[in-house]
Structures are given as structure tokens and as C-alpha cells.
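A structural walkthrough
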Amino acid sequence: MELQQEIEKRRTFAIISHPDAGKTTLTEKLLLYGGAVQLAGSVTARKHQRATTSDWMELERKRGISISSTVLQFDYAGFRINLLDTPGHKDFSEDTYRVLTAVDSVVMVIDSAKGIESQTRKLFEVCRQRGVPIFTFMNKCDRPMKDPLELLDELERVLGIGAFPVNWPIGTGFDFQGVYDRRDKLVYLFERTVGGQYRAPVEVGGLEDPIIRDRLDENTFKKVAEEIEMLATAGEQFDDESVLAGQITPVFFGSGINNFGVQLLLDGFLKHSPPPRPRVMGGISIAPEHPEFSGFIFKIQANMDPRHRDRIAFLRVCTGKFERDMTVSHPRTGKKVRLSSSHKLFGNERETVDEAFPGDIIGLVGLPDFGIGDTLTTDGTIRYKEIPRFAPESFAYLHNSNTAKFKQFRQGLDQLLQEGVIQVLHLRNAIVKVPLLAAVGPLQFEVVQYRLESEYGAASRLEPGAWTVARWLPESARAEEVLDALQLPTGAQIAIDQEGHPLILFTNDWSAGYFAQNHPNIPLSSLPPS
């Protein structure tokens, strides 16, 4: 009974968006309304106020963006919430996608002035492939915005998902005053607070109630009344099963910066989002109620606490009950491991955790054998394969600028490689063994350089590579004599990855296509062997 009750209380989700849509601001406002922080910092005035709670890395604070994913756990209204804050920069790293393997639902933030943007579409497709329920927050309604009906149409047309507006904006742009909740048939009129630091005062009543009617001018009242009537006869009908199946997205309107509609989003999300769901392993569904403990590591981060220079493995609990000091199997190495240093996380703050349940994210410190995708379990038959692999699109040589610091350079690079944000390749037959970094986006190289110097005291120099496409060779073409005989297009090079698998680096897609055309018996793969 205890296990079932704890599972029902859990909600584990991530916030996804295009850069600058307001994701980190909304994260902080959810913490404000959830009671996890008493004062919300302002992202737009970051130099003069507190840094955003979920951003712990110095580089993030300097640039005002989220570069790495962090975990924020708090209790609200009888729920235990695990909120994963994903990177919000223009270069998407594998870190972003891996986070989506550890959540049961997502909140998609859309800038209501811009509508659906490219990065939103990419992340939406990853969620769709995994069958993750999606809740939508139309942000920045207090600024000039697209027509709300146009935004709904764009959701359905561009993303191919049904949209059900749970609430509807009253006024738009500078005239935005609040929202009408279609299910409760109540109007929520908000008042601004200084810098959006505190919860917005709100008046609640029916559309015809004097307290509401007196605050709305005639044009706004008529327009809202007509739109609400039209929505009742057209569009999608709300259905929990369709939401959980990812076929319909509940849509909420508001303004994160001014706290308009944030609590309605939080309450609506908790009411309709799923608790921890079963995980599929080898075609078999493993329910969270399974009595044996199991979980998988979806992220590793070094030096979250600069005072200790340690590394922390983020584990998503999938089944059973976690207890501190328990001994578990580590199937990849075949070892037994005692989990004694376990933490609940809130950004870079830690608190020892003695027990955890399915849906919880815990941090495990000081265990160097762990890698991305590893399973930990007390049931030897369970081994998850949750972590997707992605082909790198950016390449750069990393040179050690100071030979006297080679030891620090090598140690720092090895630790950062364990986090899985970047890969390292070595060109075949290269005379000088300079690490060739490979990543989904080039910002990761800047992060590596910054962290090497700030955390390990090792300065470095980047030299951009000329390639944009990586393709792995099949097992049948890995013999040395076969590699020697390959006829490569101009600029292409053979490289070896960290696991010893050979791949070809091409300067562009045309070059890769040309190779495939001339070597029909050597099928290339965009992903490394699993």
C-alpha cells in the first residue's frame, strides 16, 4: 500500500521550449507557487538580482542561459514534484534529449508572439516518439501576441496534435488582464507585482459577476463572451485518455514574468498529468509497483560542488523502493554496489535522502564506475535501454595550451567525457594524437573549455574541424585492410570513437551520399553500434 500511495503522489516532468520563450522564468515561478522559494529572481535583470535558482554553473549565470540540466524537487498540494530544467540555448546537446527519457510528461512553453519555433518542433518530435503527454503554456500574453485562435490552429497544423484551451485570455498584449477557466467557468483577473517577485493578487468570479464585470470594458467583455461561446461548439473536446496518449495537449495562457496564470497551470497540470508509468524492457512492460528496486542513470555531472570536486550520477527510480545504504547490482560491470551517498537535489543544493520511490530523481555521489544509461537494480533480470544515441554535427580539435598542465588537462577531459555531453574521436593514422571533440552543438565546446580552466586550471585552444556529418561503418568493413582500401571523397577522414568503432567524417551530406553511391555494399549508420 505504501509503495502504491507514494507512486500516485509523484509527478516527474520537464519544461521544453525554444530559447527565450521563457522556460527558465516559468521554472522559477512554478517554484514560487509551489512554495519552494519565497522570492523569484528575474532573468531579465540577472546582473542586478539573484541568479535563477535552477542555474548553478558560473558560465550560465554570466550568459543568462541554462546550459546543463538540473533537478528541482519539492512538495505541493500533496504531490512530490520532480522538475527537470533542461538546457535552453540554441545548441541542443544530448543532455537535453536524455532528460526526456527520465520524465513522465512535459510542459511545452511557447512565446505567444512568435508561435512554434524550430527547437520547439525538434523537442516535440522527441516527446511524440516516446509517447510523452504534453501540456502547453502560451507565455508572454501581456506583450503583443498572435491571435489566440491562430496559436491554437498553429499547434494543430504544425505539430499535428489536438489542442484544448483549458483557459482563455481576457485581453491580449498590454490589455491582458487575466484568463477565463473554461471547465470551472470562472474568471481570474490578476494584478501585477513589482518585478514579478511575489504571487500575483487575483480576483475570481463568474463572467457576469459585478466584481468581474466592473473591471472589463464593453469591447473586451463582448469579445471574450463570443470567443468562449465559439470554443464551446468547435475544436477538440477534453479527454484525459487522449491527453495521456499524447493526442491532445491542454493549453494554458498566461505570463510567467508577471505570474499570470502560473498557479492555474500548475494545478491543472497536476490534476491531469500521469504518475510514474511502466517502462518497457525487451518488449516486456515493467510496472512501477514491481517490488524490486530498479532505476537508470540518465545524466552525470562533475564538480557541481566546486568545494569537493566530485561527480554526481542522476538516477531515475523506476520500480520498488530505494533505501540509502542498500546494495544493488550494476549489470554492465557485473559488480555489487553499496549506495551510501544519496542526495535529494535542488539546483546545486543537496540534502541526504534515505528513501525514494518511482518517479524520484536522486543523486549518487562518489561512484566512478557509473556511466550514462547504466541500470542499478536488486532484480538481476532488469536492464533498461532508455538512453538514445545521437550523431554529432560539430567537430573541433582541443589543444592543451600549457604542457606543464597536461595532467590536469587529461584528468579534466576524462571526467567531462564521462558526463556524455561530448564525444572524443581520434583520426586514424594521425601522427599527433590530438583529441577531436564531437558534439550535437558547438556551444558544448565552449562549455568544455570554460570548465577545464575554471575547475581544473587547464587552459585549452580550440581548432574547428571541417566536418559536419559522421557515419559509422558496419562490422563487415572494420578490418584494417578494408579501411585501407576505402575510396574517400575529398576532405573525408576515418576516425575511431571511444569504444573503438571506426566511422567516417564527411564535410557535408553530399559527400556522404557520394560515398554511399560508390560503396553500395557498405551501409553506413548515423548512430554508433549499441
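Just above sits the structure.
Everything in this summary refers to the structure shown in the same document.

Along the protein, the regular secondary structure elements total 14 helices and 30 strands. Counting only residues that meet the buried cut, the protein has 58% of its 530 residues in that class. Taking the intrachain contacts of the protein between residues at least 6 apart in sequence as the baseline, contacts between residues at least 24 apart amount to 70%. Working note: accessible area of the protein is about 22,400 Å², and carbon and sulfur atoms make up 49% of it.

Here we come to the nonpolar core. Judged by nonpolar contacts, the single largest core of 80 residues is most densely connected at Leu26, Ile81, Leu84, Leu100, Val107, Leu155 and Phe298. Sort the elements by how many residues they give to this core and helix α10 (residues 262-272) lands first, with six residues.

Moving on: the side chain of arginine 279. Secondary-structure assignment places arginine 279 in strand β12 (residues 279-281). Here threonine 101 takes part through its backbone oxygen, which lies 2.6 Å from a polar atom of the side chain of arginine 279. A distance of 3.2 Å separates a polar atom in the side chain of arginine 279 from a polar atom in the side chain of glutamate 386.

Time to look at the sheet that holds strand β8 (residues 178-181). A sheet is described by the order of its strands in space; here four strands give the open sequence β7-β8-β9-β10, paired in antiparallel fashion. The open sheet terminates on both sides in strands that have one partner only, identified here as β7 (167-170) and β10 (202-205). Strand-to-strand twist in this sheet, taken as the mean axis angle between neighbours without regard to direction, amounts to 20°. The pairing of β7 with β8 spans four bridges and is antiparallel. When the sheet's bridge partners are listed, asparagine 167 is paired in β8 with aspartate 181. Sheet contacts for helix α8 (residues 218-233): β7 and β8; angle to β7, the most-contacted strand, approximately 160°.

Turning our eyes to something else, we now look at unusual backbone geometry. Backbone geometry places lysine 185, a non-glycine residue, at a positive phi of 55°. Relative to the elements of secondary structure, lysine 185 occurs in the loop between β8 and β9 (186-190). What makes lysine 185 exposed here is its relative accessible area of 55%. The backbone phi angle of asparagine 429 is positive, close to 65°, even though this residue is not glycine. With respect to the secondary-structure elements, asparagine 429 resides in the loop between β25 (423-427) and β26 (436-439).

Here we have seven strands laid out as an open sheet, ordered β27-β24-β26-β25-β29-β30-β28, and antiparallel in their pairing. The open sheet has two free edges, formed respectively by β27 (460-464) and β28 (469-472), since each of these has just one partner strand. Within the sheet, the average angular offset between the axes of one strand and its neighbour, ignoring direction, is 40°. Strand direction decides the pairing type here: β28 and strand β30 (residues 502-506), joined by four bridges, are antiparallel. Within β30, the residue paired with valine 469 across the bridge is phenylalanine 506. Its contacts with the sheet put helix α12 (residues 443-456) on β24 (394-400), β26 and β27, and the angle it makes with β24 is roughly 20°. Here helix α14 (residues 509-518) sits on the sheet and contacts β28 and β30; the angle it forms with β30, its principal contact strand, is near 130°.

Let us look at the pairing of strand β22 (residues 361-365). With respect to burial, β22 is a largely interior element, five of its five residues being buried. Pairing of strand β15 (residues 311-319) with β22, which is carried by five bridges, proceeds in the antiparallel orientation. Of the residues in β22, the one forming a bridge with isoleucine 312 is valine 365.

As a further point, take the pattern of salt bridges. Opposite charge on two side chains permits pairing when their charged atoms draw close. Taken as a whole and assessed by the stated rule, the structure comprises 23 salt bridges. The closest approach of N and O atoms between arginine 428 and glutamate 480, which form a salt bridge, is 2.7 Å. Placement of arginine 428 in the loop between β25 and β26 and of glutamate 480 in helix α13 (residues 480-485) is noted, with a sequence separation of 52 residues between them. Here the salt bridges do not stand alone but share partners, grouping Glu2, Lys321, Glu323 and Glu355 into one network.

Taken across its seven residues, strand β3 (residues 79-85) has six buried, putting it largely inside the fold. Across six bridges, strand β1 (residues 10-17) lies against β3 in parallel orientation. Residue alanine 14 lies in a different strand from β3, and its bridge partner there is leucine 84.

Now for the environment of lysine 23. Mapped onto the elements of the fold, lysine 23 is located in helix α2 (residues 23-33). Given the relative accessible area of 4%, lysine 23 is considered buried. A C-alpha to C-alpha distance of 6.2 Å links lysine 23 and valine 109, two positions 86 residues apart in sequence. Among the polar contacts made by the side chain of lysine 23, one reaches the side chain of threonine 24 at a distance of 3.4 Å.

Rules behind the numbers
Residues numbered from 1 in each chain as written. Predicted model: local features only at pLDDT ≥ 70, side-chain atom pairs only at ≥ 80, totals over all residues. Heavy atoms only, no water. Helix = DSSP H or I, 4+ residues; strand = E, 2+ residues; numbered from the N terminus. Buried < 20%, exposed > 50% of the residue type's maximum accessible area, 1.4 Å probe, protein only. Contact = heavy atoms within 4.5 Å. Areas by Shrake-Rupley, 256 points an atom, 1.4 Å probe, with all protein chains shown as cover. Core = buried A, V, L, I, M, F, W, Y, C linked by side-chain atoms within 4.5 Å. Polar contact = N/O pair within 3.5 Å; in protein donor to acceptor, adjacent residues only side chain to side chain. Pairing = 2+ DSSP bridges. Axes fitted to C-alpha atoms, helices over the stretch in contact; angles between N-to-C directions. Salt bridge = Lys/Arg side-chain N within 4 Å of Asp/Glu carboxyl O.

As far as function goes, none of this settles anything; it's purely spatial.
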